[in-house]
Amino acid sequence: MFISKNEIARGIKNGAIKFIKSPHNDGIVCQIGEHWFYFCGQKAEEYDDPEVFLREVSRKTIIDGIFSALWDLQHDGNKPSDEWTYYFFYLLEYQLHENDSKIIEILEKNGISRDGELGWLYPWEPGDPVDMNLFMGLLTPKRKNMRK
């Protein structure tokens, strides 16, 4: 269970993942929701304008850098970090707005419901084990069989 490179690419395309100037004025950072993190190492530190960074750095390098940073966050100890979990569910919720009816049906069948302004109500307490595989299928597009 992880956030795949395809999901990162989709997040960049649909605006869930943004690039901003670091609040510490030390390069470009990746922003997901209200939080941001460093990625692409020294490469991102060389730029101070997100548009120039996106124009001059390859899409593959950017996606690989985000994937690596998120991988490190996910594998911080025995369970995914709170920060990684935030990014995971932010991307999931962003996807829900694009594919809402089928995904909401799947979530509700698994005991997760939407409660107006409160957001998503999860049937577990913080620290409980969560079957992340349920959500991975929601974020990963189904591929059609190309064989005839």
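The model shown is predicted, which means the values in this text are computed figures rather than measured ones. (Residues numbered from 1 in each chain as written. Predicted model: local features only at pLDDT ≥ 70, side-chain atom pairs only at ≥ 80, totals over all residues. Heavy atoms only, no water.)

Participant: Just checking my understanding: could you explain the pattern of salt bridges for this structure?
Facilitator: Any two side chains of opposite charge can pair if their charged atoms end up close together. Taken as a whole, this structure holds two salt bridges when the rule is applied. Here K5 ties to D64 by a salt bridge, and the two come within 2.9 Å at their closest N and O atoms. Taken as a pair, K5 in helix 1 (residues 5-14) and D64 in helix 4 (residues 59-74) lie far apart in primary sequence, 59 residues in all. A residue is classified by how much of its surface remains accessible, and K5, at 37% relative accessible area, is partly exposed. Ionic pairing is found between K60 and D64, a salt bridge with its closest N-O pair at 2.6 Å. Here K60 pairs with D64, and both are found in helix 4, just four residues apart, close to one helical turn. (Salt bridge = Lys/Arg side-chain N within 4 Å of Asp/Glu carboxyl O. Helix = DSSP H or I, 4+ residues; strand = E, 2+ residues; numbered from the N terminus. Buried < 20%, exposed > 50% of the residue type's maximum accessible area, 1.4 Å probe, protein only.)

Participant: Would you mind showing me how to read the pairing of strand 1 (residues 17-21) here?
Facilitator: When a strand is regular, its side chains alternate between the sheet's two faces. In this sheet, strand 2 (residues 28-32) lies alongside strand 1 in antiparallel orientation, the contact comprising five bridges. Opposite I17, over in strand 2, you have I32 as the bridge partner. Between the antiparallel neighbours strand 1 and strand 2 lie six residues, among them N25 with a positive phi of about 55 degrees. (Pairing = 2+ DSSP bridges.)

Participant: Would you mind showing me how to read the confidence of the model for the protein here?
Facilitator: In regions of low pLDDT, the predicted coordinates are not meant to be interpreted in detail. Per-residue pLDDT for the protein averages 78, and the proportion of residues at 70 or more is 64%. Predicted confidence in the protein is weakest over strand 5 (residues 120-121), with a mean pLDDT of 50, and strongest over strand 2, with 97. Low pLDDT (under 50) marks residues 126-130, which in the prediction has three contacts with non-local residues, meaning those over four places away or in another chain. Predicted confidence for residues 139-148 stays below pLDDT 50, and this span has eleven contacts to residues more than four positions away or in other chains. (pLDDT = per-residue confidence, 0-100. Contact = heavy atoms within 4.5 Å.)

Participant: Help me understand the environment of I63, please; the structure alone is not making it clear to me.
Facilitator: Following the sequence through the fold, I63 ends up in helix 4. Accessibility expressed as a relative area gives 9% for I63, which makes it buried. Sequence separation between I63 and K5 is 58 residues, and the spatial gap between their C-alpha atoms is 6.4 Å. When sequence neighbours within four positions are dropped, the list of residues in contact with I63 reads K5, I8, A9 and I12.

Participant: Please explain the packing of helix 1 against helix 4 as it appears in this structure.
Facilitator: The axes of two packed helices give the description: the angle between them and the distance between them. For the pair helix 1 and helix 4, the least separation of the axes is 10 Å and the interaxial angle reads 115 degrees. In this structure, helix 1 meets helix 4 at a crossing whose hand is right-handed. Across from K5, I8, A9 and I12 in helix 1, the residues of helix 4 making contact are R59, I62, I63, D64, I66, F67 and L70. Its residues assigned to classes, the contact of helix 1 with helix 4 comprises eight nonpolar, no polar and three charged. (Axes fitted to C-alpha atoms, helices over the stretch in contact; angles between N-to-C directions. Left-handed = near helix turned anticlockwise from the far one by under 90°. Nonpolar A, V, L, I, M, F, W, Y, C, P; charged D, E, K, R; others polar.)

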